[in-house]
Amino acid sequence: MNTQTKLAIIAISIVIPLSSLVVYSTNSNQQFTHIDNPKLQVISSFNPLHEFSQIVGQEKVDVTLLVPVGVEPHDWEPTIKDVQQMQKSDLIVINGVGFESWVDNLVENNYQGTIVDTSIGITIIHPQDDDKEHSEKLEDPHIWLNPVFAKKQVQNIALAFSDADPENREFYQTNAEKYNEQLDLLDSKIRNELSNCNNDFIAFHDSFSYFAKEYDLNQHTIIATNDLHGEVTAKTLENIISTARELNINIIFSEETINTKTSQIIANEIGGKVLVLSPLEIVSEGNYISKMTKNLENLKEALC
Ligand SMILES: [Zn+2]
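This section reports on the structure supplied with the text. (Residues numbered from 1 in each chain as written. Predicted model: local features only at pLDDT ≥ 70, side-chain atom pairs only at ≥ 80, totals over all residues. Heavy atoms only, no water.)

### Observations regarding unusual backbone geometry
Here's step 1: For V97, which is not a glycine, the phi torsion comes out positive at approximately 55°.
Here's step 2: With respect to the element layout, V97 can be found in the loop between β3 (91–94) and α5 (103–108). (Helix = DSSP H or I, 4+ residues; strand = E, 2+ residues; numbered from the N terminus.)

See below:
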C-alpha cells in the first residue's frame, strides 16, 4: 500500500469513528443503519462473493462490489472513497486467506462493522516454499474455485447476515440452502464427468489447487506456483513445454482476461491449442455456476 493511501485510511478512521461517537453516543454502527435504512449495508470484496452475498441476502441487503468491474482483485488497493464507504457498511464480506491485503489496515483503524471471513472452517493449502519468512504470504487464497468450499463460503455469509439481522435468519438460511443444492449438483457433475479421464492439466496461474485436490487432478502452472502472479520467463516457458511433452498434454489453458500470447506460444510449441480456464476473479459474463460449468467443459476437452 502506498503512503498516501495509508495516511488516508488513518485520517478517515480517526474522523469517522469519533464523529459517530459524538452523534450516536455508544450506539453500534448497526443500530445506526437500522434507524436510517432497514437494509443491511454489505460490501463484498470481489465477484464470486458479491454473487453469493446477493443470493443469500436478496432484497433484504444492499450489496456493493468493492473491486471495480474489469479489475483483477489480487493486487487491488482501496481508494480513499472506498475506505469511506467501507467505514459506513455493516458488514464486509471477504475471501480471507490473505486475499484482501487491505483488511488489516481497516481493522487496525477501528472499523466498527463486522468483517465476514468466508474462509473460516476451510482447510488452507500452503504451497511449498523454502523461504520460511514468506510462508504466511504464500497461503493459497483460491478457495472459491472448489464448489465444496464455495458452499462453505455461502454458509458463512448466511451466518453473518443472520447474526447481523436475526429477524431474517430463516430467509438467509433458506436462500443459502437452496443455492447450495445447486452447488451440490455442480460438484457431482464435475466429479462424475472427470472421473475416468486424465489428471494433469496446465493452468495459467496457480488458482486451481483446491479444485485439483477435490477432484483428484494435478495442476501444473505456466506462472510458477511460488510466485502467484509473477512473470513468465524463458525458463518457466521451457519447463512447462517439457512438462506438456512428458505428460502428453495438448491443451494449454489461458484466462479470459489475460493476453493469451503466452499460452499460445506453448500450444504452438507442442502442437496443441489454447482453451479458457477461468479463475472467476474479475467480473465477466455469466454467473458462478455457468462459468464453472464452462470450465468443466474445457477441462473435459483437455482431459477426457
Ligand atoms: Zn488468482
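### Some details on helix α9 (residues 234–246)
Here's step 1: In a regular helix each residue adds 1.5 Å, so 13 residues correspond to 18 Å; α9 covers 18 Å between its end C-alpha atoms and thus fits that length.
Here's step 2: Of all the residues in α9, the buried ones are T236, L237, I240, I241, T243 and A244. Angularly, the buried residues of α9 cover 160° about the axis, an arc narrow enough to put them on a single face. In this structure, α9 carries A234, K235, E238 and E246 as exposed residues pointing more than 90 degrees from its buried face.
Here's step 3: In this fold, the buried residues of α9 make contact with β5 (200–203), β6 (218–221) and α10 (261–270).
Here's step 4: Looking one or two places after α9, you find N248, whose phi comes out positive at around 60°. (Expected span 1.5 Å × (residues − 1). Buried < 20%, exposed > 50% of the residue type's maximum accessible area, 1.4 Å probe, protein only. Arc of directions from axis to C-beta. Contact = heavy atoms within 4.5 Å.)

### Some remarks on the state of the cysteines
Here's step 1: Inspection of every chain in the model, using the stated rule, returns one disulfide.
Here's step 2: Disulfide pairing is shown between C197 and C304; the S-S distance is 2.0 Å. Here C197 and C304 share a disulfide; its torsion about the S-S bond, 100°, makes the bridge right-handed. With C197 in the loop between α7 (169–194) and β5 and C304 in the segment after α11 (288–303), the pair connects residues that are 107 residues apart, well separated along the chain.
Here's step 3: For C197, a relative accessible area of 18% translates into the label buried.
Here's step 4: Using a relative accessible area of 52% as the deciding quantity, one classes C304 as exposed. (Disulfide = S-S within 2.5 Å.)

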